[in-house]
Amino acid sequence: MTELEQQLTLFARKAVWRSWSRGYQGLDHVTYPYLVAVALRGESRVGDLAKQFAVDKSTASRHVAKLQAAGLIKPVENPPDARSIPLCATAAGLRLLADVQAERAAWLRAALADWDEADQRVLATLMARLNAGLESP
């Protein structure tokens, strides 16, 4: 294992553990990205989410069902096409999403508190470059 791989693995473990160890009603590290996607788009269909996350429709449906059961997303009322009902975030889902994001941001700010702004910008630039590279086939 290279030093970079080791450090990325360690960061991923710490970030996931820190973010999800306390638990959120109906939300976990698997369903969180689905809630984010629905909230960002305003409306999403299960098929769109499956495509976005490169999973089959049944997998996306299971994650969506968990979010619906928790009251975090719901079907859009009076959809233009009843054959494929879009989903939207509920007020409770948006509040929980804001809480999770605020906690994550505070944790990261605390971790970087003694870093100067230039180093933080360099890290952000390099992470963006890495993430863009990970999108390539």
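Each remark here, short or long, concerns the structure printed above.
Values in this document were obtained by computation on a predicted structure and should not be read as measured data.

**Things to note about the nonpolar core**
Within the largest apolar cluster, 22 residues are counted, with the highest numbers of intra-cluster contacts made by Leu27, Tyr32, Leu35, Leu67, Ile73 and Val100. Listed by contribution, the elements that provide at least two residues to this core are α2 (32-41), α3 (46-52), α4 (57-69), β2 (87-89) and α5 (91-111). In terms of residue count, α2 provides more of this core than any other element does, six residues in total. Apart from the residues lying within four places of it in its own chain, the contact partners of Tyr32 are Trp20, Leu27, Leu97, Val100, Gln101 and Arg104.

**Here's the deal with the pattern of salt bridges**
As enumerated under the stated definition, the model contains two salt bridges in all. Ionic pairing is found between Lys66 and Asp28, a salt bridge with its closest N-O pair at 3.4 Å. Taken together, the residues span a long stretch of sequence, with Lys66 in helix α4 and Asp28 in the loop between α1 (3-20) and α2 at a distance of 38 residues.

**Considering the environment of Ala132**
Within the secondary structure, Ala132 sits in helix α6 (residues 117-135). Looking at Ala132, the relative accessible area reads 48%, which means it is partly exposed. Distance from Ala132 to Ala70, taken between C-alpha atoms, is 33 Å for residues 62 residues apart in sequence.

**Quick notes on α2**
Among all positions in α2, only Tyr32, Tyr34, Leu35, Val36, Ala37 and Val38 are buried. In the stretch just after α2, Gly42 is the one whose phi turns positive, near 90°.

Parameters and conventions
Residue numbers restart at each chain and count upward from 1, following the sequence in its written direction. The predicted nature of this model means local features are confined to residues of pLDDT at least 70 and side-chain atom pairs, given and counted, to a pLDDT of 80 or more, with totals for whole chains, interfaces and linings taken over all residues. In computing side-chain values, all of the structure's heavy atoms are included and hydrogens and water are not. Here the nonpolar core consists of buried residues drawn from Ala, Val, Leu, Ile, Met, Phe, Trp, Tyr and Cys, with membership extended through side-chain atoms lying within 4.5 Å. A simple rule labels every residue: compare its accessible area, found with a 1.4 Å probe on the protein chains alone, to the largest value its type can have, and call it buried under 20%, exposed over 50%, or partly exposed in between. Helix and strand labels come from DSSP, where a helix needs a run of H or I of at least four residues and a strand needs a run of E of at least two; each type is numbered from the N terminus. In this description, contact between two residues means that some pair of their heavy atoms is separated by no more than 4.5 Å. The term salt bridge refers to a side-chain nitrogen of Lys or Arg lying within 4 Å of a carboxyl oxygen of Asp or Glu.

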